[in-house]
Amino acid sequence: MSILTLPTTPFEGQKPGTSGLRKKVAVFRQPRYLENFVQALFDELHGPDGRADGQTLVLGGDGRHHNRVAIQVILRMAAACGYGRVLVGRGGILSTPAVSAVIRRRQAAGGIVLSASHNPGGPDGDFGIKYNATNGGPAPEALTEAVHRRTLSLTRYRISDAADLPIERPGSHRIEDTVVDVIDPVADHADVLRELFDFDAIRALFARGFRLRCDAMWAVGGPAARAILEGELGAPAGTVVNAEPKEDFGGLHPDPNPVYADDLVAHLMAADAPDMGAATDGDADRNMILGRGFVVSPSDSLAVLAAHARLVPGYRRGLAGVARSMPTSTAVDRVAGALGIACHETPTGWKFFGNLLDAGQVTLCGEESYGTGSDHVREKDGLWAILFWLNLVAVTGRGVEDLVRGLWVEHGRCVYSRHDYEGIPTERADALMAELRGRLPELGGRTVADQRIAWADDFAYTDPVDGSVSRRQGVRVVLEDASRVVFRLSGTGTEGATLRIYLERHEPDPTRHDLPAQQALAPLVRLAGELARIVAHTGMTAPTVMT
Ligand code: G1P
Ligand code: ZN
C-alpha cells in the first residue's frame, strides 16, 4: 500500500447548492470528478498539505447508484489525508440523520454524506455529496464557498492505492495508518430516538390496534423504520412498505409529497384507510404525515409538534424557541407567540438552523419542503417526525386530523401551497428573477391583479449567532392582509432551473377551513403570474408540481 499524489485539472461547476454538490451520476462518473471535490474539501479542512491526524470521519450514503464506488474512493482519500479513523456505515449506507447522530455521539470531526436526497436515482439519476461539520450539521456557506473556490485551482489529489475494503459486514480494517470501522447504520440514530419518545405509550397505541402505513419509498429509511416501528414498537409486520432500499428507488421519485407519494395518499383516502400514513425520502430526512383521508401540510406539522411538544419526554421542559425557513408558513409563528417563545425566520436550507440549535436558541425547526427536526441532531429527521406524531396521538388520544384542526381552530388556518415550475432554461429563469427584483422598489402600495401590495423585498438574513449575512434569499411580496407570495429558484436541481412560488393566506374563519387550498389561493396565484410574467418568461401556463 502506498499514497499516490496524482495530477488533476479543475472541473467547472463544483459549486454546492442548497444542500451539497448534486449532479447527474454521469457527471460524477467522470474520472477525477469526485476525487477533485473531496480533495478540495480536505484541503480546506486540513490545509494544503493537509493531514487530518487522529481525527475521525463519518462516511455513508443513501445507497443510490454510484454509492458503492464513491465510498471506496473516499475511504482511500481519507487514508491519504491521514484521518485516524473512518466510521463507515455497513454497505456504505447511512441515512442523513444517522450521519448526524453518529458524528455527534462519537465525537467525530465531521462526516461525508453521499446523497441527492429526494432526487431520482439510478444510472440516469442524480448523485450528490455534502460535508457535515463537528456539530453534525451541514457545513456553513463560508466552507462550501471556500471548497468551491478551491476546486477551481486544484492541481493534484492524494489517494492510497489500497484495494477495495469489504464493508458489507461489520468489522475493522486498515488503509495505510487509518482504521476503518464498519458500523451499524441504524444503532446510533435509534439510541437518540429512544431517548426522546415514550416508546411504551406508542407500543400501547399499536397494541390497541392503531394502524399506520409507513412508505419508505424504496429508500434508506426502510430498515430503520422497520426495526423501530415493527421490531420495537410492535406495529404489525407490513406496516412499513417499500422498505428495501434500492439503488434506483424502484424507478420512482423518492420525495414524500402528495405528488410523488401518490400511492400512500391513495391508501389513506381509501374506505378502509389506516389511521395514519407517513413517508420518508431518499436519504430519510424528509417526512410527510397523513391522517385518514387527510394530508398534513409540513408547515402545519411543525406547528402542531411545537404546540404539543411538552407531551413528549424529550421536550418536557418546553422549547427554547423555534425556527422555520422563510417560505414556510407562519403557522408556527402563531404557536410560538402563544407559547411566549421566539420564532426565527431563516433562509431555505437546513444549514441555517445549525447555529441557532448549537446556541440553544431553538429546539424545533422545519421547512415547508417536508422537513422537520430538532436539536437531537443537526439534520431534519423523517423517522423522528413520525415517532413524534405517534407519541402525540398515543398520549392525547386524538387522531392526526383532529390535532391539525385543533391548531386551525386556535390560530386560524394558514392556507398554503407551493407551485414549482421545473426545467426552465436557466437564462430564462434568471431573467424572470432579475425583472422581479428590478421591480421591487415600486411594488409597495401598488395594486396588482386586484390586490393591494403592502410591501415587497428580497429576503436577507443576518445570523444572530455569528453575524454572517446571506442576501438574495427570495423575493417576498406581502399583501395588506399579510397574505404573501414568495419567489425563489431552487438550489438542488441538476437540470435547468426550477422556479418555486410559495403561496400563503391566513384564514381565521373556521367555516372556511375546508375550502380546497388551490381555490382559496387562486387570487394569489393570479397575482404571482402577473407580477413575474411567468408565461411570457417561461412559456409555461401551469406549474409542473403543486404541493
Ligand atoms: C429544497 C427545499 C429546501 C431543502 C432542500 C434540501 O431546496 O426547498 O427547503 O432544505 O431542498 O432538502 P431548493 O431546491 O428549494 O433549493
Ligand atoms: Zn432528503
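Rules used in this analysis
- Counting restarts for each chain: residues are numbered from 1 in the order of the written sequence.
- Chains carry letters and ligands carry numbers; both start at the beginning, A for chains and 1 for ligands, and go up in the order they are written.
- Thresholds applied to this predicted model are a pLDDT of at least 70 for local features of residues and 80 or more for the giving and counting of side-chain atom pairs; totals over whole chains, interfaces and linings are not thresholded and use all residues.
- Side-chain numbers here rest on the full set of heavy atoms in the structure, without hydrogens or water.
- Counting from the N terminus, the helices are the DSSP runs of H or I reaching at least four residues and the strands are the DSSP runs of E reaching at least two.
- The atom set for the radius of gyration is the C-alpha atoms, and the globule formula is 2.2 Å times the number of residues raised to the power 0.38.
- For every residue, the accessible area obtained with a 1.4 Å probe (protein chains only) is divided by the maximum for its type, and the residue is called buried under 20%, exposed over 50%, and partly exposed between those limits.
- Here, two residues are considered to be in contact whenever any of their heavy atoms come within 4.5 Å of each other.
- Pairing between strands requires that DSSP locate at least two bridges from one strand to the other.
- When at least one non-hydrogen atom of a residue lies within 4 Å of a molecule or strand, that residue is treated as near it.
- Pairing of N or O atoms within 3.5 Å defines a polar contact, subject to two protein rules: one partner must be a possible hydrogen donor and the other a possible acceptor, and residues neighboring in sequence count only if both atoms are side-chain atoms.
- Put simply, Ala, Val, Leu, Ile, Met, Phe, Trp, Tyr, Cys and Pro go in the nonpolar bin, Asp, Glu, Lys and Arg in the charged bin, and everything else, Gly too, in the polar bin.

With respect to the overall build of the chain
Move 1: The helix and strand inventory of the chain stands at 18 helices and 27 strands.
Move 2: Its C-alpha atoms give the chain a radius of gyration of 23 Å, within 12% of the compact-globule value 24 Å for 547 residues.
Move 3: Overall, the C-alpha framework of the chain stretches about 70 × 60 × 40 Å when taken along its three principal axes.
Move 4: Out of the 547 residues in the chain, the part that is buried amounts to 60%.
Move 5: The long-range share in the chain, meaning contacts at least 24 apart out of those at least 6 apart in sequence, stands at 73%.

Observations concerning the sheet that holds strand β27 (residues 545-546)
Move 1: A sheet is described by the order of its strands in space; here seven strands give the open sequence β20-β21-β24-β25-β26-β19-β27, paired in antiparallel fashion. Each end of this open sheet is capped by a strand with a single partner; those strands are β20 (447-448) and β27.
Move 2: Where β20 meets strand β21 (residues 451-458), two bridges bridge the pair, whose relative direction is antiparallel. In the sheet register, V448 faces β21, and the bridge partner there is Q451.

Some words on the environment of G60
Move 1: Structurally, G60 can be placed in strand β3 (residues 56-61).
Move 2: By relative accessible area, G60 is classed as buried at 0%.
Move 3: For the pair formed by G60 and G111, sequence separation is 51 residues and the distance between their alpha carbons is 8.1 Å.
Move 4: In contact with G60, other than residues within four places in its own chain, are I71, G92, I93, L94, I112, V113 and L114.

As for the site of ligand 1
Move 1: Looking at ligand 1, there are 15 residues lining it, with T18, S369, G491, T492 and R500 nearest.
Move 2: Between ligand 1 and the protein, one listed contact pairs an oxygen atom with a side-chain N or O atom of E367 at 2.6 Å.
Move 3: Its residues assigned to classes, the shell around ligand 1 shows no nonpolar, eight polar and seven charged.

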